[in-house]
Amino acid sequence: MERAKDEVRVLMRTRRHDATGQPDDFEIETNDTFLDIANQLLGLFAWVVLGIASISLVVGGIVIMNIMLVSVTERTREIGVRKALGARQSDILLQFLIESGLMALLGGAFGVIGGVLVGKVITLIVGFPTSVPLWAVFLGLFMATGVGIFFGVYPASKAAKLDPVVALRAEL
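Parameters and conventions
Residues numbered from 1 in each chain as written. Predicted model: local features only at pLDDT ≥ 70, side-chain atom pairs only at ≥ 80, totals over all residues. Heavy atoms only, no water. Helix = DSSP H or I, 4+ residues; strand = E, 2+ residues; numbered from the N terminus. Rg over C-alpha atoms; globule rule 2.2 N^0.38 Å. Buried < 20%, exposed > 50% of the residue type's maximum accessible area, 1.4 Å probe, protein only. Contact = heavy atoms within 4.5 Å. Areas by Shrake-Rupley, 256 points an atom, 1.4 Å probe, with all protein chains shown as cover. 1 Å grid on protein atoms, 1.4 Å probe; cavity = no way out; pocket = protein on both sides within 12 Å on 5 of 7 lines; lining within 4 Å. Points joined across faces, edges and corners; volume = space filled by probe spheres on them. Nonpolar A, V, L, I, M, F, W, Y, C, P; charged D, E, K, R; others polar. Expected span 1.5 Å × (residues − 1). Bend = angle between axes of the 7 residues up to and from the residue. Axes fitted to C-alpha atoms, helices over the stretch in contact; angles between N-to-C directions. Left-handed = near helix turned anticlockwise from the far one by under 90°. Patch = residues over 30% accessible without salt bridge, like charges linked within 9 Å, V, L, I, M, F, W, Y side chains within 5 Å. Salt bridge = Lys/Arg side-chain N within 4 Å of Asp/Glu carboxyl O. Arc of directions from axis to C-beta.

Time to look at the overall build of the chain. Looking only at helices and strands, one finds six helices and zero strands in the chain. Secondary structure elements of the chain occur, N-terminal to C-terminal, as α-α-α-α-α-α. By the compact-globule yardstick of 16 Å for 172 residues, the chain is too spread out, its C-alpha radius of gyration being 30 Å. Within the chain, the proportion of its 172 residues that are buried is 22%. Sequence-distant contacts, at least 24 apart, represent 70% of the contacts inside the chain between residues at least 6 apart. In the structure as shown, the chain presents an accessible area of about 12500 Å², 70% of it carried by carbon and sulfur atoms.

Empty space within the largest pocket amounts to approximately 960 Å³. For the largest pocket, the lining is made up of 27 residues, of which Ala-53, Gly-111, Val-112, Ala-136 and Gly-140 are closest to its centre. The set of elements that each furnish at least two residues to the lining of the largest pocket consists of α2 (31–74), α4 (89–126) and α5 (134–160). At nine residues, α2 tops the list of elements feeding residues into the lining of the largest pocket. Looking at the lining of the largest pocket residue by residue, the classes come out as 19 nonpolar, eight polar and no charged.

Because each turn of an α-helix spans 3.6 residues, side chains separated by three or four positions end up pointing in the same direction. If you check α5, its first and last C-alpha atoms are 37 Å apart, about what 27 residues at 1.5 Å a residue would give, namely 39 Å. Taken as a whole, α5 carries its principal kink of about 40° at Val-153; the proline Pro-155 stands between one and four residues after it. Turning to α5, its buried residues number three or more, namely Val-137, Leu-141, Ala-144, Thr-145, Val-147, Gly-148, Phe-151, Gly-152, Pro-155, Ala-156, Ala-159 and Ala-160. The inward-facing, buried residues of α5 contact α2, α3 (76–84) and α4.

A word on the packing of α4 against α5. Contact geometry of α4 with α5 gives a least axis separation of 7 Å together with a crossing angle of 145°. Relative to α5, the crossing made by α4 is right-handed. Across the interface between the two elements, Gln-89, Ile-92, Leu-93, Phe-96, Leu-97, Ser-100, Gly-101, Ala-104, Leu-105, Gly-108, Ala-109 and Val-112 from α4 touch Val-137, Leu-141, Ala-144, Thr-145, Gly-148, Ile-149, Gly-152, Val-153, Ala-156, Ser-157, Ala-159 and Ala-160 from α5. For the contact of α4 with α5, the per-class residue count stands at 16 nonpolar, eight polar and no charged.

Structurally, Gln-95 is set in helix α4. Accessibility expressed as a relative area gives 18% for Gln-95, which makes it buried. Ignoring any residue separated from it by four or fewer positions in sequence, one finds Gln-95 in contact with Arg-75, Glu-78 and Arg-82.

A few words on a nonpolar patch on the surface. Nonpolar side chains collect at one region of the surface, where Val-118, Val-121, Ile-122, Leu-124, Ile-125, Val-126 and Phe-128 lie side by side and expose about 750 Å² of accessible area between them. With respect to the element layout, Val-126 can be found in helix α4.

Within α3, burial applies to Thr-76, Ile-79, Gly-80 and Lys-83. Seen end-on, α3 carries its buried residues on one side only, within an arc spanning 100°. Here the buried face of α3 lies against α2, α4, α5 and α6 (164–168). Gly-86 occupies a position one or two residues after α3 and carries a positive phi of about 110°.

Okay, structure coming up:
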């Protein structure tokens, strides 16, 4: 490729009557140049997608935390009964963490299914081939579950710390 570029440079300088020692008054573009530009654009696109995904995970986590806080409030008497019957704080904590993790996993599964379906629709309409690697599916499900568990810690700890006497007195 370099030899071809040198030959083209000599031909162009000859046709343009450029003097020896003068800089070229033209550019030689190759596929490598366009590939570099495309790679820069794809890198920028990846950062934008990462930012949007991060914001989405935080928003989803806040939604899960709010749902779990409402669940703790609505189930205060149930928590009181369980604690009065001998449930430890760790049992209550684990119950609510499992619930928040499963809720996030289910949401992640819907997201994966939706993403695969969008890819298939793009393939059918545009004819652009799409594929979703298996590692991306598992990573997405893992991240969703992790976010659910992370944002479920506060409601779960709030539920686990409830005093059984106060919880049993709670109004429905």
